Amino acid sequence: MENRTWLVKANETKCNHRRAFGELGMISWRMDTTKFSVGDVVYVYFPDRRQVEIKAVVTEINAKRYDLKFWKETPTNNVCATLKKLVYKGNDPALSEIELLKHGYKKGCAQQPMYNNPELFEYLNGVFDK
């Protein structure tokens, strides 16, 4: 099966994903709403800044949680995937919601993990691979 590209939303009210990526270089992502495969590319959208900041790759599935100390509440005990940070862009204006809307992003589409938006993913890939 061919690898997919995903857009997911970090819920910073539940877990400090930004800090976990910064300290560990990876996060654990529950798989009850996604069907990740090893090798999938994942872009992480941060609603507090209304932008994509991180490009990651799935390195393992059915994994234990690596990021428990970054959780603000008890995480659900679901099967996890490990997302390893590839590139961090931070406050890059090209990754703001305003720019994403010009390239196939629809407001609210990051509410659920999404993998079927070739226009958006082509744009994100171009920005992250500069």
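Residues numbered from 1 in each chain as written. Predicted model: local features only at pLDDT ≥ 70, side-chain atom pairs only at ≥ 80, totals over all residues. Heavy atoms only, no water.

Trainee: Whenever I open this one, the pattern of salt bridges confuses me. Can you help?
Mentor: If charged atoms from side chains of opposite charge come close, those side chains can pair. With the rule as written, the count across this model stands at 10 salt bridges. Of the charged contacts in the structure, one is a salt bridge between Asp129 and Lys55, with a shortest N-O distance of 3.2 Å. You can see Asp129 sitting in the segment after helix H3 (118–128) and its partner Lys55 sitting in strand E4 (residues 51–63), a full 74 residues away along the chain. Overall, the relative accessible area of 8% leaves Lys55 in the buried class. When the shortest N-O distance is used, the salt bridge between Glu99 and Lys102 registers 2.9 Å. It is possible to trace a salt-bridge network through shared partners that takes in Glu12, Arg18, Asp48, Arg49 and Glu53. (Salt bridge = Lys/Arg side-chain N within 4 Å of Asp/Glu carboxyl O. Helix = DSSP H or I, 4+ residues; strand = E, 2+ residues; numbered from the N terminus. Buried < 20%, exposed > 50% of the residue type's maximum accessible area, 1.4 Å probe, protein only.)

Trainee: I would appreciate a short explanation of helix H1 (residues 17–24) in the present structure.
Mentor: One full turn of an α-helix is made of 3.6 residues, so residues set three or four places apart face in the same direction. His17, Arg18, Ala20 and Phe21 are the residues of H1 that are buried. Buried residues along H1 cover an arc of 165° about the axis, so they all sit on one side. Close packing links the buried residues of H1 with strand E2 (26–30), strand E3 (41–46), E4 and strand E5 (80–88). Once H1 finishes, Gly25 follows within two positions and takes phi at roughly 75°, a positive value. (Arc of directions from axis to C-beta. Contact = heavy atoms within 4.5 Å.)

Trainee: Explanation requested: the sheet that holds E5 in the structure shown.
Mentor: Backbone hydrogen bonds hold the strands of a sheet together, and the pairing may be parallel or antiparallel. In space, the five strands of this open sheet follow the order E1-E3-E4-E5-E2, with mixed pairing throughout. Of all the strands in the sheet, the pair left with one neighbour each is strand E1 (5–9) and E2. In this sheet, neighbouring strand axes are inclined to one another by 40° on average, regardless of whether the strands run parallel or antiparallel. Bridge count between E4 and E5: eight bridges; the pairing is antiparallel. Its bridge partner being in E5, Ile61 is matched across the sheet by Ala81. On top of the sheet, H1 reaches E2, E3, E4 and E5; it is set at about 135° to E2, its chief contact. Running at roughly 100° to E4, H3 makes contact with E1, E3, E4 and E5 of the sheet. (Pairing = 2+ DSSP bridges. Axes fitted to C-alpha atoms, helices over the stretch in contact; angles between N-to-C directions.)

Trainee: Mind showing me how you'd approach H3 here?
Mentor: Buried within H3 are the following residues: Leu120, Phe121, Tyr123, Leu124, Val127 and Phe128. The arc that holds every buried residue of H3, seen down its axis, measures 160°, which confines them to one face. Along H3, the residues that are exposed and aim more than 90 degrees away from the buried face are Pro118 and Glu122.

Trainee: Can you help me understand the side chain of Ser96 in this one?
Mentor: Tracing the backbone through its elements, the reader meets Ser96 in the loop between E5 and helix H2 (97–101). Reaching out from Ser96, the side chain makes a polar contact with the backbone oxygen of Pro93 at a distance of 3.1 Å. (Polar contact = N/O pair within 3.5 Å; in protein donor to acceptor, adjacent residues only side chain to side chain.)

Trainee: Whenever I open this one, the nonpolar core confuses me. Can you help?
Mentor: Nonpolar side chains tend toward joint burial in soluble globular proteins. By size, the foremost hydrophobic cluster in this structure holds 19 residues, and its most contacted members are Phe21, Phe36, Val42, Val44 and Leu83. Contributing elements (two or more residues each) for this core: E1, H1, E2, E3, E4 and E5. For Val44, the residues in contact, after removing those within four places along its chain, are Val8, Ala10, Phe21, Gln51, Val52, Glu53 and Ile54. Core analysis: the second largest hydrophobic core is formed by 15 residues, Tyr43, Leu95, Leu124 and Val127 among them. (Core = buried A, V, L, I, M, F, W, Y, C linked by side-chain atoms within 4.5 Å.)

Interpretation note: all reported values are geometric properties and have no functional meaning in isolation.
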